[in-house]
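For reference, the chains in residue letters:
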Amino acid sequence: IDFDLILENIRDLNSLVGEGISQIEHTPRGARLRRPEPLPLILYQNGIVVGHGAFRPYQHPATQQWLQDILDGYFPSELQPQYPDGV
C-alpha cells in the first residue's frame with residue numbers, strides 16, 4: 001500500500017472541499033460561520049479506522065474499495081450519502 005500516495009490524495013481532496021474554510025450555517029435568528037467537523041482517518045500497517053468506527057483490515061473488500069476510491073482521486077463512495085459535498 002502506497003501510504004504517501006494515499007496521504008497526498010487525501011490532502012488534494014481536502015483542498016477541493018475547502019479545508020479550513022468556514023461555511024454559513026443558518027439558525028432560527030439568522031446565520032453564523034461554522035467550520036465543518038473533520039472525519040478522522042487513522043492508517044495502520046494492517047488496516048484503517050474511519051471516524052470513530054471499528055478497525056477495518058486492508059483485506060476486507062469494503063476497505064479495499066475505500067482505499068481504491070482515494071487512490072483514484074475520488075471521495076470514498078461509502079461516504080457520499082452522508083457527505084454529499086465531501087468531507
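This text follows the structure it describes.
As the structure is a prediction and not an experimental result, all values here were calculated from the model.

Visitor: Sorry if this is basic, but what is going on with the nonpolar core here?
Guide: Ile6, Ile10, Leu13, Ile48, Val50, Tyr58, Trp66, Leu67, Ile70 and Leu79 together form the largest nonpolar core, which totals 10 residues. Going through the elements one at a time, helix 1 (3-16), strand 4 (47-50) and helix 2 (61-71) are the ones with two or more residues in this core. If near-sequence neighbours (up to four positions away) are discounted, Trp66 is found in contact with Leu41, Ile48, Val50, Arg56, Pro76, Glu78 and Leu79.

Visitor: Sorry if this is basic, but what is going on with the sheet that holds strand 4 here?
Guide: Sheet strands pair by backbone hydrogen bonding; their relative direction is either parallel or antiparallel. Strand order in the open sheet made by the three strands is 3-4-5, with antiparallel pairing throughout. In this open sheet, the two edge strands, each paired with only one partner strand, are strand 3 (41-43) and strand 5 (55-57). Pairs of neighbouring strands in the sheet enclose a mean axial angle of 25°, with direction left out of account. As paired strands, strand 4 and strand 5 are joined by three bridges and run antiparallel to one another. Paired with Val49 across the bridge in strand 5 is Phe55. Packed onto the sheet, helix 2 meets strand 3, strand 4 and strand 5 and runs at close to 90° relative to strand 5.

Visitor: How should the pairing of strand 4 be read in this particular structure?
Guide: In the case of a regular strand, side chains alternate between the two sheet surfaces. Because side chains alternate across strand 4, one face comprises the buried residues Gly47 and Val49, and the other comprises Ile48 and Val50, equally buried. Where strand 3 meets strand 4, three bridges bridge the pair, whose relative direction is antiparallel. Bridge pairing in strand 4 links Leu43 to Ile48. Between strand 3 and the antiparallel strand that follows it, strand 4, lie three residues. What sits between strand 4 and strand 5 in their antiparallel hairpin is a turn of four residues, with Gly51 showing a positive phi close to 65°.

Visitor: Just to check I follow, could you spell out helix 2 for this structure?
Guide: Residues that lie three or four places apart on an α-helix share one face, since the helix turns once every 3.6 residues. Every buried residue of helix 2 is accounted for by Thr63, Trp66, Leu67, Asp69 and Ile70. Considered in projection along helix 2, the buried side chains sweep an arc of 155° and stay on one side of the axis. Contacts from the buried residues of helix 2 go to helix 1, strand 3, strand 4 and strand 5. Positive phi shows up at Gly73, right after helix 2, with a value of about 90°.

Conventions we followed
- Residues numbered from 1 in each chain as written.
- Predicted model: local features only at pLDDT ≥ 70, side-chain atom pairs only at ≥ 80, totals over all residues.
- Heavy atoms only, no water.
- Core = buried A, V, L, I, M, F, W, Y, C linked by side-chain atoms within 4.5 Å.
- Buried < 20%, exposed > 50% of the residue type's maximum accessible area, 1.4 Å probe, protein only.
- Helix = DSSP H or I, 4+ residues; strand = E, 2+ residues; numbered from the N terminus.
- Contact = heavy atoms within 4.5 Å.
- Pairing = 2+ DSSP bridges.
- Axes fitted to C-alpha atoms, helices over the stretch in contact; angles between N-to-C directions.
- Arc of directions from axis to C-beta.

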